[in-house]
Amino acid sequence: MHTASRVLQVAFVSCTLTSLIFAGPPSIRELRPWGGQRGQTVTFTVAGDQLAAGAEMFSTIPGKLEEQPGGNAGQMVFKLEVRPDSPVGVYPIRLRTPKGLSNVLLFSVGDLPEIAETEPNDALPAMNQGVAASSAAAATLPLVSMPATVNGSAAGTDQDVFRFAGKKGDRVVLEVESQRIGSMLDPAIHLVSAAGRELALADDTPGLGIDCRLDVTLPEDGEYFAVVHDSKYAGGNPGYYRMKIGSFAYAETTFPLGAQRGREADVTLFGGTLAGPLKTRVMASAAAGQSRMFMSPPVAGPQARLPFQFVLGDAPELIEPDSDATDGRLFKDAAVMNGRIAKPGEIDRYKFPVTVGQTLIFEVDAANLGSPLDAMLTVTGPQGNGLASADDGNGLDPRLQFTVPGGIDHVVLAVEDLHRRGGPMFAYRLKAITPRTDFSLQVLPSGSQPPPGAPAATQAGPPALNIPRGGLTVAQINVVRSGYNGPIQLTIPETATGITAEDGLIPAGTNTGLLVLSAAADAPLRAFDLEINGQGGAATQPMVRPAATAGRNPMAMADAFVARVPAAITEAPPAKFTVADRSIKILHGHNRQLKITVERGPSATEAINVNSTGLPLFSVGGATGMIAKESNELTLTLTQNPELPVLGTFPMQLTATTQASGQQESIQLPLVKVEVVRPFSLELLNQNATMTVGSKQRIAALVRREAPFDSVVKVGPAGSLPQGVSLTMVEIPKGESLALLELAIGDNATPAEFDLLIRASTDMEGRKRDKDYVIPDISLKVKVAPKTAQ
Amino acid sequence: MLNMTWILGATIALAIGASAGSDEMQPISSPKIVSLSIQPNGLTLEHGSDLRRVIVLGVTEDGTTVDLTGTAKFTPDASGVMRVTADGLFEPAKEGLAKVTVEAGGQRAHLAVAVRGMHVPPVSFVRDVMPLMGRLGCNAGTCHGAQKGRNGFRLSLRGYDPAFDYEALVNDVGGRRFNRSAPDESLMLSKPAQGVPHEGGFVLDPASRAYATLQRWIAEGCQSDVETTPRPTRVEILPAAPELSMPGNAQSLVVVAHYPDGTTRDVTADANFSSTMTDVATVTPEGKVTASRRGESQIVVRYEGQFGVAGVTVMGDRTGFAWQDVAENSYIDALVYKKLKHLKIQPSELCDDAEFMRRVYLDLTGLPPAPESVRAFLADTTDSRAKRDRLVEQLLESQQFVDHWTNKWSDLLQCNKKYLGDKGVWAFRNWIRQSLASNKPYDQFARELLTSVGSTYDNPATSYQRVLRDPNTAAENVTQLFLGTRFQCNKCHDHPFERWTQNQYYQFGAFFAQVGIKNAPGPTRPDPIDGRPMGENQVVYERRDGGEVNHPKTNQPVTPVFPVSHSGKIAHEAVRRQAIADWITAPENPYFAKSLANRLWSYFLGKGIIDPVDDIRSSNPASNPELLDAMTADFIKSGFDMKHVMRTIAKSRTYQHSIKTNRWNEDDHDNFSHAAPRRLTAEQLMDAIHAATGTTPKFAGVPAGFRAAQLADTKIAAGEFFSLFGTPPRESPCECERKGEVSLGQTLNLINGPTIADSIIDPNGRIAQLMKSNPDDRRLVEEMYLAVLNRPPRDDELGKVVPQIAATADKTLAAQDLMWALINSPAFLFNR
């Protein structure tokens with residue numbers, strides 16, 4: 001189903017799009033600032049490449065977005081009025097130009113006043129001086145008024161220092177969002193006194209991944225400094241962060257850690273600023289495709305709150321019973337048991353009914369969800385005999401596949417902490433999964449790698465699929481197989497109007513396939529969500545699975561956007577190409593020509609370089625060439641290296657690059673299926689020979705040549721022969737295919753049965769070490785009987 | 001037969017002290033002997049072949065002693081129980097008690113001797129043969145004790161394994177080393193006696209007692225008593241602390257071995273003697289010590305795996321010495337001065353305030369004081385001791401203190417990017433830093449390092465377990481770091497200079513055999529040791545499936561056993577790492593607190609009371625045991641408060657001695673009578689250069705302004721300067737990794753290198769800033785001295801330098817030249 005309607009268009013200014021010429025799709029790398037306060041208007045800049053005034057912005061930010069004048073190829077400015085009722089969170093942003101859709105960046109909406117860092121703000125007090133001295137630079141930094149969200153960036157070795165004032169006994173929370181909002185920064189935060197004394201430090205905070213939080217009670221009246229930097233002073237790019245500073249209400253974890261989607265759940269919050277465990281009831285709901293929701297502590301008063309994650313599942317869930325007896329802890333008819341190692345050394349045991357021969361996967365989610373528990377899972381039989389155990393397998397959490405042995409009707413599942421710790425925060429989710437043969441698909445667009453400086457795919461989702469009008473793009477689809485090893489055919493629904501798909505077969509046993517997507521020449525320029533399906537399994541019981549974009553960040557606060565395949569139809573390429581043969585064979589040691597013709601548009605007046613990928617390295621060469629300015633065709637001579645006679649079918653992806661209107665253009669050509677084959681084959685007309693000692697017999701062998709190979713082929717024995725046995729060597733001249741070999745069993749031969757290997761070879765030019773090119777031997781079964789009495 | 005109890009009681013009761021009454025003349029030049037001291041003051045001869053000797057000391061009027069053993073006359077009573085041989089050996093004659101009159105130096109004393117029996121026991125392989133082989137050098141590392149033996153004959157190194165040696169002697173080469181019916185034809189005798197060719201030469205005289213003993217052992221059938229005869233538990237040296245007044249004076253030693261059954265044995269003839277300071281005193285193979293020059297040395301005695309040390313003091317000519325009382329700020333000074341007084345060493349004066357300030361800044365914070373701090377301190381008219389104490393407290397609470405000591409502990413804990421990865425090294429450094437900032441008690445600090453579990457990112461104390469890696473490394477690393485002892489040698493054989501055995505090595509490692517380390521999710525990199533994928537983040541845990549250390553000899557699991565027992569509480573016997581942490585950190589542990597007190601002392605005084613500080617052993621005794629014991633007790637009493645130790649040291653007068661010596665302490669290098677110059681460490685030097693020149697450090701990989709001492713690993717800012725000036729690679733806990741020597745390369749770097757040159761001419765540096773205020777020549781010089789040497793210039797310096805500045809047209813250039821000269825002076829490069 002075509003899902004373009006799922007993209008919420010917030011603003012689209014279409015004034016001068018058609019008059020602009022771009023060399024490629026836009027890429028965006030920085031937002032200044034990276035967020036805004038709800039109910040407020042924020043003007044922010046999008047920096048990147050291949051931008052242009054009038055570029056269309058796609059986002060789901062609830063509010064009104066307007067482009068501001070003065071945009072250019074390097075940056076655009078937008079004014080955003082964030083609706084007061086906007087949920088606090090992170091929202092994806094893309095830009096579209098006629099050349100396509102950009103990558104994604106994340107814009108945060110918060111509920112605190114926003115502050116932007118001002119460089120230089122690197123100096124700490126008393127950094128390089130005597131004890132009494134302090135840095136004048138630090139003392140003059142602007143005073144941060146709490147509460148606030150500070151927008152900063154600390155790429156590389158940068159460190160940002162913020163000054164704030166407080167009174168003795170004030171409880172101040174400083175939380176840095178970085179990984180959770182798509183940044184490459186691994187943040188650390190320090191609290192430093194006015195005299196330069198470090199008072200507290202946080203790096204990785206449990207529950208926040210590699211993000212961090214400091215919760216401090218100020219020791220005296222005065223000024224303090226918060227210092228944010230990458231934990232190893234090697235902040236990635238982008239290295240932005242948002243530091244929330246103030247007196248917040250927050251919890252560190254919940255029990256249970258999650259609930260079934262669409263159900264209400266009783267949840268107890270722990271830790272943080274809560275005076276004690278706080279019980280509340282929540283509705284487990286989130287947008288489609290999201291596996292988590294974000295909750296804030298339901299505390300009274302005007303105090304700002306910090307959200308935390310709560311997992312959503314689709315299966316029924318249980319809560320660990322109070323009873324310590326295993327029989328009282330029956331775990332059945334549900335996929336998830338929510339439990340907790342409440343005290344040090346505790347072991348939670350569950351009786352789990354099974355049937356003999358049943359295969360199950362038992363899996364724990366704990367550390368993955370921010371729990372301090374380093375879980376160990378043990379499966380024992382009814383008599384307490386150990387059957388299986390796992391420590392890791394699901395990250396640090398255990399995962400094991402288990403087949404039920406005979407003679408038992410239940411097992412006992414035991415969960416404990418590897419380090420024998422425990423406490424109210426040591427929660428887990430124990431899952432029992434019936435494994436099934438399955439697969440999943442991930443899309444990695446081909447030929448449109450992120451530009452330098454763009455966020456990595458694992459952080460903010462990959463770039464979109466940009467399909468040129470009248471042209472094509474090649475999407476790379478990766479397969480994650482779960483027991484299913486057969487072929488998968490990729491298709492797009494017929495509703496993807498104007499888009500056609502070719503190829504898309506992922507062979508059995510392989511994990512990558514290519515799908516060629518073409519747009520009609522008159523397809524309207526637009527952005528949409530493309531549905532790509534893969535079908536596997538038997539024809540009678542097909543499995544159809546949708547493809548999603550890869551690179552979901554497990555800690556990101558917004559992940560729904562990567563569950564789709566964003567696509568756009570872009571303007572036509574400056575030239576169109578035709579490849580004479582879409583499927584070719586190339587013989588070992590031979591060449592094969594491939595003709596490419598180009599239909600130049602008005603701007604494609606320069607020479608065109610053609611390159612390829614996908615062919616076996618060092619084995620097949622010659623797949624590059626140049627079409628001169630005055631020419632419209634190119635004949636590539638593909639050459640198979642006789643020293644490396646690999647076999648197989650390879651999808652050759654051809655890409656043309658040229659200068660058009662002063663810009664570098666990259667154009668994808670149709671896929672060419674290249675089959676690398678042997679130049680001849682050998683077949684025995686009889687696979688068996690029954691003879692007696694002292695007899696002779698002719699063996700008929702047929703050599704089948706592939707055009708244009710027509711050289712002499714030698715056929716004869718491979719290796720040594722049994723005593724008394726001989727086989728002639730025959731040369732099959734050009735134009736002939738039949739060889740008659742004489743097999744003689746001498747009087748001194750021993751009666752026996754054996755396989756006689758027969759080899760076909762030819763002298764092949766270009767082989768330096770051994771000119772003899774050999775194909776795999778074939779076997780003749782020979783049975784030698786004793787000489788019969790006269 | 002006499003009642004045995006009575007004999008023992010009588011032995012003690014009849015230990016009669018020296019009595020006056022001799023009218024024997026003394027040489028005029030000899031000091032007057034006022035009494036005799038006989039050591040031991042009573043003898044018990046166990047059997048008919050038990051020969052003993054005694055030491056006769058003459059006590060002079062001023063309390064010093066003189067060895068009179070060689071001239072003493074021994075006269076047994078008429079009981080006929082024992083005889084005295086011509087060479088002074090006490091020889092039993094019949095069972096009973098005897099009284100011996102000792103006359104020497106004009107004095108007379110008496111000695112009780114008991115003979116328990118006259119039976120002659122068979123020659124013991126353990127007590128007789130093994131010591132002989134040790135004495136003859138058969139089992140030395142250069143001979144048959146080498147790892148592969150010599151010429152097909154291998155003994156355990158220095159005889160640490162009697163069972164192995166017995167097997168090697170008796171059963172190797174088909175037992176052909178012995179001819180029991182004709183012992184003299186045995187290879188064991190004929191080879192060392194050169195009856196047949198012996199590569200080791202002639203080492204056994206057929207006329208010697210050793211030859212006779214071996215001959216009798218062979219004749220008695222080469223019996224083994226390895227399983228039944230215990231080895232000695234300790235050796236006693238008499239006199240325990242000989243004092244020799246003048247070079248040339250001599251003192252004989254007697255060595256007595258003590259056995260588990262309470263018996264003793266005179267083993268002087270079979271013991272090995274060596275002197276730690278041969279230029280002070282030499283010792284003969286027979287145990288005679290001779291003074292060479294004034295000073296102190298230790299005579300190390302080795303016998304059958306036991307070590308004893310006798311501290312020898314050669315007083316030398318101290319004519320005219322009269323102790324001048326000096327103030328004592330604490331027990332440290334009292335104990336230091338007690339020894340100095342005894343050695344007739346007068347300590348130096350106090351250093352002045354400026355010297356003290358620079359010294360204590362560098363020692364506590366790694367940085368020199370800023371000029372404004374110097375001015376304020378010198379201008380403060382408060383009592384010097386009070387303001388010094390106040391400064392110590394101020395520095396102890398500074399961030400720079402935390403940075404400096406974080407850097408030191410990062411060395412010892414091997415906070416190393418190679419082992420811990422890019423993020424892990426920062427995480428561990430931050431953990432150390434927070435521990436020091438909170439002044440975490442040392443026992444808790446050690447305990448957390450030794451027992452922690454979890455992720456190296458979430459609980460960075462676990463990084464230490466990543467460094468330890470395996471039980472063997474743990475055995476060596478933990479003992480050296482937390483106990484100040486070295487277990488490396490006893491991995492392959494019993495320790496040659498300490499009582500540690502090979503078994504103890506593996507018994508100690510066994511405490512770490514059940515540590516598991518697994519990769520946490522996330523990036524990996526090749527392990528620097530074995531190349532296997534190693535998680536940047538790892539999780540340390542206690543293995544549920546056990547884990548053991550196998551002894552290399554038996555290939556059998558070794559049970560964890562504490563190297564020595566103490567009365568401290570072991571609360572966690574079940575979990576091995578916790579048990580060893582209990583044992584290590586207990587106040588009763590004889591090494592834990594002592595080694596750190598000693599280590600901290602060395603950081604402030606330049607030398608440990610035991611030195612090297614991480615090589616505590618019997619054969620490396622303390623120069624002032626009383627002081628070290630007192631510091632250890634004080635450290636324990638403070639709750640293992642490291643700052644308390646530093647505070648106590650820094651406030652002591654001993655620490656505040658001037659570097660200037662006097663006539664009486666100029667040759668003292670061991671007793672802390674004056675301050676010793678110490679070259680600044682690489683990090684101190686780098687940071688001091690930036691502080692002096694007023695420039696901002698810029699190291700790759702960290703923000704500008706990060707000081708060298710703040711780096712998690714100096715490899716982060718790889719540079720020639722750090723390696724040239726000896727930053728440690730942090731691949732072992734040895735203090736020796738940090739190089740403190742001075743080299744030509746360092747000098748050339750300082751003179752010509754970019755570090756100093758670029759800092760001096762930095763357009764934002766001190767000189768550039770100073771020149772903006774257009775200072776007069778005198779102020780310019782004063783500012784340079786305050787910035788670089790942390791003191792105002794003296795009048796004579798002003799008198800020389802100001803005219804030079806005045807004569808130079810380009811004041812900036814003149815200031816740069818002056819700063820360059822001052823930075824290259826020892827006053828800057830050394831902590832004095």
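Up top is the structure these notes are about.
Treat the numbers as computed from the prediction; the structure is a model and nothing was measured.

Engineer: Account for the overall build of chain B, with residues named and values stated.
Structural biologist: Scanning chain B from terminus to terminus reveals 28 helices and 26 strands. In terms of overall dimensions, chain B has a C-alpha envelope of 100 × 75 × 55 Å along the principal axes. Burial status across chain B gives 57% buried among its 832 residues. Accessible area of chain B: about 33400 Å², with a carbon and sulfur share of 52%.

Engineer: Pulling in residues and values, what's your account of the interface of chain B and chain A?
Structural biologist: Tallying the contact residues gives 41 residues for chain B and 32 residues for chain A. Carbon and sulfur atoms supply 50% of the area buried between chain B and chain A, which totals about 3100 Å² over both sides. Its largest share of buried area at the contact with chain A, chain B owes to B:Lys423, B:Lys518 and B:Arg544, together 22% of the area lost on that side. Seen at the junction of chain B and chain A, the total is nine salt bridges. Residue A:Glu198 is joined to B:Arg433 by a salt bridge in which the shortest nitrogen-to-oxygen separation is 3.0 Å. On inspection of chain B and its partner chain A, the count reaches twelve residue pairs in polar contact (both at pLDDT 80 or more). Counting residues per element, the ones that place at least two in the side of chain B that touches chain A are α9 (384–396), α10 (399–412), α11 (417–437), β21 (515–519) and β24 (538–542) of chain B.

Engineer: I'd like to hear about the nonpolar core, residue by residue, with values.
Structural biologist: Counting 141 residues, the largest nonpolar core has B:Trp409 and B:Phe482 as its most contacted members. Sort the elements by how many residues they give to this core and helix α17 (residues 592–605) of chain B lands first, with nine residues. Among all residues touching B:Phe482, those that are not within four sequence positions of it are B:Tyr442, B:Ala446, B:Leu449, B:Leu450, B:Tyr464, B:Ile584, B:Tyr591, B:Phe592 and B:Ser595. Counting residues in each nonpolar core, the second largest holds 33 residues, with A:Leu587, A:Val715, A:Met764 and A:Val784 among its members.

Engineer: I'd like to hear about the packing of helix α8 (residues 371–379) of chain B against helix α25 (residues 777–788) of chain B, residue by residue, with values.
Structural biologist: Two measures define how a pair of helices packs: the angle their axes make with one another and the distance between the axes. Residue and element names in this part refer to chain B. Orientation of α8 relative to α25, taken along the N-to-C sense of each, is 95°, at an axis distance of 8 Å. In terms of orientation, α8 lies roughly perpendicular with respect to α25. Of α25, the residues touching α8 (which contributes Pro-371, Val-374 and Arg-375) are Glu-783, Leu-786 and Ala-787. Of the residues that constitute the contact of α8 with α25, the class distribution is four nonpolar, no polar and two charged.

Engineer: Tell me about the sheet that holds strand β4 (residues 65–67) of chain B, and please be specific about residues and values.
Structural biologist: All names here are of chain B. Taken in spatial order, the three strands make up an open sheet running β1-β3-β4, and their pairing is antiparallel. Two strands close off the open sheet at either side, each with one partner strand: β1 (33–39) and β4. Direction aside, neighbouring strands of the sheet carry axes that sit 30° apart on average. Here strand β3 (residues 55–60) runs beside β4; their pairing, made up of three bridges, is antiparallel. Across the sheet, residue Val-59 finds its bridge partner in β4, namely Thr-65.

Engineer: Describe unusual backbone geometry, and please don't skip the residues or the numbers.
Structural biologist: Peptide bonds are mostly trans, and most non-glycine residues show a negative phi. Along the chain, A:Met146 connects to A:Pro147 via a cis peptide bond; the corresponding omega equals 0°. Relative to the helices and strands, A:Pro147 is located in the loop between β12 (143–144) and β13 (148–153). Along the chain, B:Leu238 connects to B:Pro239 via a cis peptide bond; the corresponding omega equals -5°. On the secondary structure map, B:Pro239 appears in the loop between β10 (234–238) and β11 (243–244). Phi at B:Gln414 takes a positive value of approximately 60°, unusual for a residue other than glycine. The topology assignment puts B:Gln414 in the loop between α10 and α11. Of the residues examined, B:Gln414 reaches a relative accessible area of 2% and is grouped as buried. One non-glycine residue, B:Asn439, lies in positive phi territory at about 50°. Looking at B:Asn439, the relative accessible area reads 22%, which means it is partly exposed.

Engineer: Describe helix α27 (residues 811–823) of chain B, listing the residues and the values that go with them.
Structural biologist: All names here are of chain B. Between its first and last C-alpha atoms α27 spans 18 Å; for 13 residues at 1.5 Å apiece the expected length is 18 Å, and the two agree. Those residues of α27 that fall on the buried side of the exposure criterion are Ala-814, Ala-815, Gln-816, Leu-818, Met-819, Leu-822 and Ile-823. Of the surrounding elements, those touching the buried residues of α27 are α20 (682–693), α23 (754–760), α24 (766–772), α25, α26 (795–806) and α28 (826–829). The opening residue of α27 is Asp-810, an N-cap whose side-chain oxygen sits 3.0 Å from the backbone nitrogen of Thr-812.

Engineer: Would you mind going over the sheet that holds strand β19 (residues 306–314) of chain B in detail, with residue names and values included?
Structural biologist: All names here are of chain B. Spatial strand order, β11-β19-β18-β15: four strands in an open sheet with mixed pairing. Two strands bound the open sheet, and with one partner strand each, they are β11 and β15 (272–275). As defined by bridge partners, β11 adjoins β19 across two bridges and the pair is classed as parallel. What sits directly across from Glu-243, in β19, is Thr-313.

Engineer: Could you give an account of the pairing of strand β46 (residues 543–549) of chain A, with specific residues and numbers?
Structural biologist: Residue and element names in this part refer to chain A. One ladder, built from four bridges, connects strand β45 (residues 533–536) with β46; its direction is antiparallel. Paired with Gly-536 across the bridge in β46 is Met-543. Between β45 and β46, which follow one another and run antiparallel, lie six residues, and Gly-537 among them has a positive phi close to 85°.

Engineer: Which residues make up the environment of A:Ala188, and what are the values?
Structural biologist: Mapping A:Ala188 onto the fold places it in strand β16 (residues 187–193). Once residues within four sequence positions are removed from consideration, A:Ala188 is found in contact with A:Ala202, A:Asp203, A:Cys212, A:Val227, A:Val228, A:His229 and A:Ser231.

Engineer: Tell me about the packing of aromatic side chains, and name the residues and values.
Structural biologist: Each aromatic ring pair is specified by the distance between its two centres and by the angle formed by the two planes. Taken as a whole and assessed by the stated rule, the structure comprises 49 aromatic pairs over all chains. Where A:Phe44 meets A:Phe107, the ring centres are 4.9 Å apart and the plane angle is 40°; that geometry is what we call tilted. Here the residue A:Phe44 occupies a position in strand β4 (residues 41–49), and A:Phe107 occupies one in strand β10 (residues 105–110), the gap between them amounting to 63 residues. The buried category is assigned to A:Phe44, whose relative accessible area is 0%. For A:Phe107, a relative accessible area of 0% translates into the label buried. An angle of 40° between the planes, with centres 5.6 Å apart, marks the rings of A:Phe439 and A:Tyr484 as tilted. Of this pair, A:Phe439 sits in strand β37 (residues 438–445) while A:Tyr484 sits in the loop between β39 (472–482) and β40 (488–491), and the two are 45 residues apart along the sequence. Among the aromatic residues, those joined into a cluster by ring pairs are B:Trp409, B:Phe428, B:Trp431, B:Tyr442, B:Phe445, B:Tyr464, B:Phe482, B:Phe592, B:Phe635 and B:Phe640. Residue placement shows A:Arg526 over the ring face of A:Phe528; its charged tip is 4.3 Å from the ring centre.

Rules used throughout
Residues numbered from 1 in each chain as written. Chains lettered and ligands numbered in written order. Predicted model: local features only at pLDDT ≥ 70, side-chain atom pairs only at ≥ 80, totals over all residues. Heavy atoms only, no water. Helix = DSSP H or I, 4+ residues; strand = E, 2+ residues; numbered from the N terminus. Buried < 20%, exposed > 50% of the residue type's maximum accessible area, 1.4 Å probe, protein only. Areas by Shrake-Rupley, 256 points an atom, 1.4 Å probe, with all protein chains shown as cover. Contact = heavy atoms within 4.5 Å. Buried area = accessible area lost by both parts, 1.4 Å probe. Salt bridge = Lys/Arg side-chain N within 4 Å of Asp/Glu carboxyl O. Polar contact = N/O pair within 3.5 Å; in protein donor to acceptor, adjacent residues only side chain to side chain. Core = buried A, V, L, I, M, F, W, Y, C linked by side-chain atoms within 4.5 Å. Axes fitted to C-alpha atoms, helices over the stretch in contact; angles between N-to-C directions. Parallel < 35°, antiparallel > 145°, perpendicular 65-115°, else oblique. Nonpolar A, V, L, I, M, F, W, Y, C, P; charged D, E, K, R; others polar. Pairing = 2+ DSSP bridges. Expected span 1.5 Å × (residues − 1). Phe/Tyr/Trp six-rings, centres within 6.5 Å; stacked < 30°, edge-to-face > 60°. Lys NZ or Arg CZ within 6 Å of the ring centre and 35° of its normal.

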